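So the chains spell out like this:
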Amino acid sequence: MVIRPRCAPWRQLLGCALFVAAPSAMAAGWEITPSLSTGLTATDNVALSNTNKQSDLVTELSPGIRITGTGGRLNLNLDYRLRELIYSRNGKGNETQNSLNAFGTLEALENWLYVDATGVITRQAISAFGGTSPGTNVDANATETSSFHLAPYIRGSLGGLADYRLRYDYGTTRSKSDLVPDVTTNDWSGMLKGQTQLANLGWGLDATHHGTSYESGRHSVADRLRGNLGYQITPQIKVSLYGGREGNDYTTVNKQYWSTSGAGVDWSPDPRTQISASRERRFFGDANSVSFTHRTALTSWKVSSSKDVSILPNQLTKVGLGSYYDLYFNLYQSIEPDPIKRAALVENFLRLNNIPANGTVVGGFLTSGVTLEQRHDASFAILGSRNTIVLTATQSKQQSLLSGSGLPDDFNKSQNIRQRGYGFNWAYRLSPQSSLTGSLSRVSSKGTGEPVIETTQDIAQLIFSTQLTPKTRASVSARHTSADGSTAYSENAVTGFLSHDF
């Protein structure tokens, strides 16, 4: 008898993809690590209140599992953890939380048909002006969000004349908060690219369709067709020209169309340095992007500036500068280019230093609408054998573009939202078994309108972690959190943690 998986529309997308992929992965190398953690937190302000501060003891029980598989036709990395929080004095706050980072690629038909599956579950701030806790507080401004995607695609070559790719991406995003509606996305993308008779001149054609369905009933559609010519002036310098058409119903009830045009340049003066810049006329005005990355044996530098449309799933899966996992995953690119191996490397680093993978570096806020976003980001890292130091800075301005959405987010209060944030993270290896980790961050959020809404939040944290046995770790941490402005509170907490891998 053949058992066929019955896949729910969104909850089991990732599980179904892995179920189907399992037979082809039998020859691959697998590493499966179950774990169990328990912790106790003492806080002097469990509900983050400014007028009614209450202390509490919070017990945490957290089973988890890590799965890494490489080789054969399947590459997979999955890290899942369940957190059960029990409050001694505030039993109504007892909560079950989920945390997931997972992605995999299946080569279904050799060198032609592939399937990507991704899943992310994390806690994020609902409002830019409410502050949020990095710990185990009863936080009305934090909610659990999940995003799952299943994307089959084909790629190949047309007789050596051009390369092609056709991809479909079905995605769902969900939030436990009623203030963030559930969303389903259906995306199509196609690409053709090739060379001309001029050795240094290449061409490309790409088309995209993005469909978004909101639980509240609002639907939006965006289509785009763009051609490009790229000329390799030297092995280090490439220039490009773009032109095409796009249409959407973001700003109007009926779909409208616009012509697009632009240019870009990429420069790699050496293998460790990349500089790129582009500017393109779009339906909202001028879109632009500038980025600089540089790495040495022990350092990583990154500066970027952009103005563009931000659509799902970006808002639900990455806020501000993203999570600690996002930050170190990008920083470790120069050390390990392979994404599956790099994911394992990053997870091991975060685990050894007791850094929460889904913890927010410099926070943002949730919106499921379409926004025009201008942002500037910078990061610098020293990746030493004993010291890892990361400095981050971000500045953003967001404006809602979705007409008639009625979405109950921050843009109902403020037409424009500006955020500025800074972060400092330091991990020091005291010995082969012990480490000390510290972090400081500040986020300021300001909304235009009447009245002006503004909040500034500061978080400081120090963690000592040590290896008791080859599979058992213990840690003690202390944190201070404060918010001032439209939301105001302060909190101090101490946490003890014990974890074991089986």
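In this text, all values refer to a predicted model and were calculated from it rather than measured experimentally. (Residues numbered from 1 in each chain as written. Predicted model: local features only at pLDDT ≥ 70, side-chain atom pairs only at ≥ 80, totals over all residues. Heavy atoms only, no water.)

Another aspect to go through is the overall build of the protein chain. The number of helices and strands found in the protein chain is four helices and 22 strands. The buried share of the protein chain, taken over its 502 residues, is 45%. The long-range share in the protein chain, meaning contacts at least 24 apart out of those at least 6 apart in sequence, stands at 56%. Carbon and sulfur atoms make up 57% of the accessible area of the protein chain, which amounts to about 24400 Å² in all. (Helix = DSSP H or I, 4+ residues; strand = E, 2+ residues; numbered from the N terminus. Buried < 20%, exposed > 50% of the residue type's maximum accessible area, 1.4 Å probe, protein only. Contact = heavy atoms within 4.5 Å. Areas by Shrake-Rupley, 256 points an atom, 1.4 Å probe, with all protein chains shown as cover.)

For helix α3 (residues 324-331), a buried count of six out of eight residues is recorded, marking the element as mostly surrounded by other parts of the structure. Listing the buried residues of α3 in full gives Y324, Y325, L327, Y328, F329 and L331.

This part takes up the environment of S289. Its place among the elements puts S289 in strand β14 (residues 285-295). Residue class for S289 comes out partly exposed when judged on its relative accessible area of 32%. Separated by 16 residues in sequence, S289 and S305 have C-alpha atoms that sit 5.7 Å apart. Apart from the residues lying within four places of it in its own chain, the contact partners of S289 are S276, A277, S278, S305 and S306.

Below, the discussion takes up a positive patch on the surface. Together, R155, R165, K193 and K238 make up a region of like positive charge exposed at the surface. Among the structural elements, R155 can be located in strand β6 (residues 142-157). For R155, a relative accessible area of 40% gives the class partly exposed. (Patch = residues over 30% accessible without salt bridge, like charges linked within 9 Å, V, L, I, M, F, W, Y side chains within 5 Å. Salt bridge = Lys/Arg side-chain N within 4 Å of Asp/Glu carboxyl O. Lys, Arg positive; Asp, Glu negative; His and termini not counted. Charge placed at Lys NZ, Arg CZ, Asp CG, Glu CD.)

What follows concerns the confidence of the model for the protein chain. Put simply, the protein chain has an average pLDDT of 84, and 86% of its residues get 70 or more. pLDDT under 50 marks residues 16-20. Its contacts with residues more than four places away, or in other chains, come to nine contacts. Scored below 50 in pLDDT, residues 23-27 makes four contacts in the model with residues more than four places away or belonging to other chains. (pLDDT = per-residue confidence, 0-100.)

Moving on, we come to the pattern of salt bridges. Tallied over the full model, the rule gives 19 salt bridges. A salt bridge links R226 to D206; the shortest N-O distance between them is 4.0 Å. In this pair, R226 is assigned in strand β10 (residues 219-232) and D206 in strand β9 (residues 201-214), connecting sequence segments 20 residues apart. Among the residues examined, D206 registers a relative accessible area of 22% and is labelled partly exposed. Among the ionic pairs, E280 bridges to R224, the shortest N-O distance being 2.6 Å. One end of the pair, E280, is in strand β13 (residues 273-282); the other, R224, is in strand β10, with 56 residues separating them in the sequence. For E280, a relative accessible area of 10% corresponds to the buried category.

To continue, consider a nonpolar patch on the surface. On the surface, Y231, I233, V239 and V265 cluster together to form a nonpolar patch covering roughly 300 Å² of accessible area. Within the secondary structure, V239 is located in strand β11 (residues 237-248). For V239, a relative accessible area of 30% puts it in the partly exposed group.

How two aromatic rings sit relative to each other is set out by the distance from centre to centre and by the angle between their planes. Applying the stated criterion to the full structure yields seven aromatic pairs. Measuring from centroid to centroid gives 4.8 Å for Y168 and W188, while their planes differ by 45°, and the two rings are tilted. Within this pair, whereas Y168 is found in strand β7 (residues 163-175), its partner W188 is found in strand β8 (residues 183-195), the two being separated by 20 residues in sequence. Relative to F283, the ring of W258 has its centre 5.3 Å away and its plane inclined at 40°; by these criteria the two rings are tilted. Here W258, found in strand β12 (residues 256-270), pairs with F283, found in the loop between β13 and β14; they are 25 residues apart in sequence, far enough to count as distant. (Phe/Tyr/Trp six-rings, centres within 6.5 Å; stacked < 30°, edge-to-face > 60°.)

What follows concerns the nonpolar core. Grouped together as the largest cluster of nonpolar side chains are 16 residues, with contacts concentrated most on Y328, L331, Y332, V346, F349 and L350. Of all the secondary structure elements, the ones that give two or more residues to this core are α3, α4 (339-352) and β16 (371-383). Looking at this core element by element, the count peaks at six residues for α3. Here Y328 is in contact with V346, F349, L350, I355, T388, V390 and N425, once residues within four sequence places are set aside. Grouped together as the second largest cluster of nonpolar side chains are eleven residues, Y214, F283, A287 and L372 included. (Core = buried A, V, L, I, M, F, W, Y, C linked by side-chain atoms within 4.5 Å.)

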